[in-house]
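Structural characterization, general
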Amino acid sequence: MSADAGKRQAAEAAMTYIDNGSIIGVGTGSTVNVFIECLARDPGRIRAAVSSSEASTRLLEDAGIEVMDLNHAGPLDLYVDGADESNRHLSLIKGGGGALTREKIIAGASRRFVCIADDSKLVGTLGAFPLPVEVIPMARSFVAREIVKRIGGQPELRERFTTDNGNVILDVRNLEIAEPVKFERTLNDIPGVVTNGLFALRGADVLLLGGADGVQTLEA
Ligand SMILES: O=C(CO)[C@H](O)[C@H](O)COP(=O)(O)O
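Residues numbered from 1 in each chain as written. Predicted model: local features only at pLDDT ≥ 70, side-chain atom pairs only at ≥ 80, totals over all residues.

- Looking up the protein chain in an unreviewed UniProt entry gives the name Ribose-5-phosphate isomerase A, with the organism given as Aquisalimonas asiatica.
- In its Catalytic activity (unreviewed entry) section, the UniProt record describing the protein chain reads: "aldehydo-D-ribose 5-phosphate = D-ribulose 5-phosphate".
- According to the UniProt record, the Pathway (unreviewed entry) comment for the protein chain is "Carbohydrate degradation; pentose phosphate pathway; D-ribose 5-phosphate from D-ribulose 5-phosphate (non-oxidative stage): step 1/1." (UniProt positions renumbered as here; feature names shortened; annotations may be inferred.)

What follows is the structure, given as structure tokens:
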């Protein structure tokens, strides 16, 4: 079975978590794009969406779904987003698409985070996928040195990429993240780091994995 088919299965399954007429948070990426296609079949199902990126905002608006500012939406019941990796405790690496900061904010503002992915994203130990770290541009060299000193790995500037917030991304390769919460805190402590792509302090609550045997549901 292809990864795309797994993504579609997971996205379809996430539709069952939506309460009719609610305002939901919507993430970013190819799996979420399929979820937005599912929403587009029945745009009146939700009242509005809070979007984690300019890219998702465009797709939601094209689908006829109102996009609301988080400041006006209040606490959200549900956030649906993809991931680059998840371990069995539902700690995630996110930010492959560069939208990690808004994603982390919306995940934090939501009661339930349902993560959707094809089953290749489930790993034993996080870190094979390069860990994205969003950084204030003037701090990028300093932050890269501090990352090597504090957690190891090889930070590389993501070329020709600026986040929706006007910042740059360092992708940190060659990490083995045995203690995601500790790593997340250590990275948060470096001045100049805006957000790191570890979602462990606030991981997913539900992980829907599409694959050859259908949708597997893991709960935190
Ligand atoms: O964190 C993300 C974007 O910042 C995405 O959720 C993550 O990269 C997964 O993307 P995809 O669904 O395309 O595999």
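**Structural notes on the overall build of the protein chain**
- A count of helices and strands for the protein chain gives seven helices and 13 strands.
- In terms of overall dimensions, the protein chain is globule-like: its C-alpha atoms have a radius of gyration of 17 Å, near the 17 Å expected for 220 residues.
- For the protein chain, the C-alpha atoms occupy an extent of roughly 50 × 40 × 30 Å along the three principal directions.
- Looking at the 220 residues of the protein chain, the share that counts as buried comes to 49%.
- In the protein chain, the share of contacts with a sequence separation of at least 24, taken over all contacts with a separation of at least 6, comes to 73%. (Helix = DSSP H or I, 4+ residues; strand = E, 2+ residues; numbered from the N terminus. Rg over C-alpha atoms; globule rule 2.2 N^0.38 Å. Buried ≥ 20, exposed ≤ 12 C-beta atoms within 10 Å, placed from the backbone. Contact = placed C-beta atoms within 7 Å.)

**A short note on the site of the ligand**
- Taken together, 17 residues lie near the ligand, and Gly29, Thr31, Gly82, Gly96 and Gly97 sit nearest.
- Along the lines of polarity and charge, the residues of the shell around the ligand split into three nonpolar, 10 polar and four charged. (Near = placed C-beta within 6 Å. Nonpolar A, V, L, I, M, F, W, Y, C, P; charged D, E, K, R; others polar.)

**A short note on the domain arrangement of the protein chain**
- By domain assignment, the protein chain separates into domain 1 (3–123 + 201–219) and domain 2 (131–196).
- For domain 1 and domain 2, the distance between their C-alpha centres works out to 24 Å.
- Contact residues are listed per partner, giving 13 residues for domain 1 and 13 residues for domain 2.
- Of the residues assigned to the side of domain 1 that touches domain 2, the class counts are four nonpolar, six polar and three charged. (Domains from an automatic or database assignment.)

**Looking at the UniProt feature "active site" (unreviewed entry) in the protein chain**
- Here the UniProt feature "active site" (unreviewed entry) sits at Glu103.
- Relative to the helices and strands, glutamate 103 is located in helix H5 (residues 100–108).
- The residues touching glutamate 103, leaving out its near neighbours within four places in the chain, are Gly27, Thr28, Ser52, Asp81 and Lys94.

**Here we look at helix H2 (residues 30–40)**
- When we look at burial in H2, the residues that qualify are Thr31, Val32, Val34, Phe35, Ile36 and Leu39.
- Looking at the buried positions of H2, the neighbouring elements they touch are helix H1 (3–14), strand S1 (23–26), helix H3 (54–62), strand S3 (76–81) and strand S6 (110–118).

**Examining the pairing of strand S13 (residues 214–219)**
- Counting buried positions over the six residues of S13 gives zero, only a small fraction of the element.
- Relative to S13, strand S12 (residues 206–211) is paired through six bridges, and the arrangement is antiparallel. In the strand pairing of S13, leucine 209 is matched with glutamine 216.
- From the end of S12 to the start of S13, which pair antiparallel, there are two residues. (Pairing = 2+ DSSP bridges.)

**Here's the deal with unusual backbone geometry**
- In this structure, arginine 160 is a non-glycine residue whose phi angle is positive, near 50°.
- Relative to the assigned elements, arginine 160 resides in the loop between strand S8 (154–157) and strand S9 (168–173).
- Although it is not a glycine, asparagine 174 adopts a positive phi angle of roughly 60°.
- By the secondary structure assignment, asparagine 174 is in the loop between S9 and helix H7 (180–188).
- Overall, the presence of 12 C-beta atoms within 10 Å leaves asparagine 174 in the exposed class.

**Some remarks on the sheet that holds strand S10 (residues 193–196)**
- Spatially, four strands are ordered S8-S9-S7-S10 in an open sheet, and the strand pairing comes out antiparallel. The sheet terminates laterally at S8 and S10, the two strands that pair on one side only. Mean inter-strand twist for the sheet, computed between neighbouring axes without regard to direction, equals 30°.
- In this structure, strand S7 (residues 131–135) lies alongside S10, joined through three bridges in antiparallel fashion. Considered in S10, the bridge of valine 135 is made with valine 193.
- Against the sheet, helix H6 (residues 140–150) makes contact with S7, S8, S9 and S10, and its axis sits at roughly 20° relative to S9, the strand it touches most.
- In the packing of H7 onto the sheet, contacts are made with S7 and S10, and the angle to S10 comes to roughly 165°. (Axes fitted to C-alpha atoms, helices over the stretch in contact; angles between N-to-C directions.)

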